Amino acid sequence: MDRRVCGKKGVGFMNCFYCKGALRDGVTAHVIKLKSCIIIVKGVPCTECTQCGAVFYDNAVALRLEGIVKEMKTAVTEVAIVNYPAA
Ligand SMILES: [Zn+2]
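The residue numbers shown here count from 1 along each chain, following its written sequence. For this predicted model, a pLDDT threshold of at least 70 governs which residues receive local features, and a threshold of 80 or more governs which side-chain atom pairs are given and counted, while totals over whole chains, interfaces and linings are taken from all residues.

(A) Seen up close, the overall build of the chain. Only DSSP runs of H or I reaching four residues or more are called helices, and only runs of E reaching two or more are called strands; each is numbered from the N terminus. Helices and strands together make up the secondary structure of the chain, namely 1 helix and 4 strands. Reading the chain from its N end, one meets helices and strands in the order β-β-β-α-β. Across the 87 residues of the chain, 16% fall into the buried class. The contact rule is simple: place each C-beta atom from the backbone, and if two of them lie within 7 Å, those residues are in contact. Partitioning the contacts of the chain with sequence separation of at least 6, the portion at a separation of at least 24 is 59%. Exposed residues have 12 or fewer other C-beta atoms within 10 Å of their own C-beta, buried residues have 20 or more, and residues in between are partly exposed; the C-beta atoms are placed from the backbone.

Right under this line is the structure:
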């Protein structure tokens, strides 16, 4: 489990893990690079740093991304672009 994504609500910290900048809610495209393919998940809810642009996911989102990757891994040949499923 990734330690960056812990906490009851949101990412569990108020300032950027890296630069201590202010965080805000945002939406990003998450790119997963695997050995033989690339999966791009669009519209992923995230918390982003207004200063350095680092992106953090909360637990539920991270788990969901993991599930998407597991599913796609076997189906994808080269590049896949999927939309993050609405809750
Ligand atoms: Zn930052």
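(B) Focus on the pairing of strand S1 (residues 23–33). If DSSP finds at least two bridges between two strands, the strands pair. Two strands pair when backbone bridges link them, and S1 and strand S2 (residues 38–49) are joined in this way by 10 bridges, in the antiparallel orientation. Within S2, the position partnered with Asp25 by the bridge is Thr47. Joining the antiparallel neighbours S1 and S2 is a turn of 4 residues.

(C) Here's a closer look at the environment of Leu65. Take Leu65: it is sitting in helix H1 (residues 59–75). In the structure, Leu65 is positioned 19 residues away from Tyr84 in sequence and 8.2 Å away in space, judged by C-alpha atoms. Setting aside chain neighbours within four positions, we find Leu65 in contact with His30, Val41, Val44 and Tyr57.

(D) Summary view of the nonpolar core. Note on definitions: a nonpolar core is a set of buried residues drawn from Ala, Val, Leu, Ile, Met, Phe, Trp, Tyr and Cys, linked by C-beta atoms within 7 Å. Among the nonpolar cores identified, the biggest contains 8 residues, and these are Ile39, Val41, Val44, Cys46, Phe56, Tyr57, Val61 and Ala62. Among the secondary structure elements, those contributing two or more residues to this core are S2 and H1. Top contributing element to this core by residue count: S2, with 4 residues. Apart from the residues lying within four places of it in its own chain, the contact partners of Val44 are Val27, Thr28, Ala29, His30, Val61, Leu65 and Tyr84.

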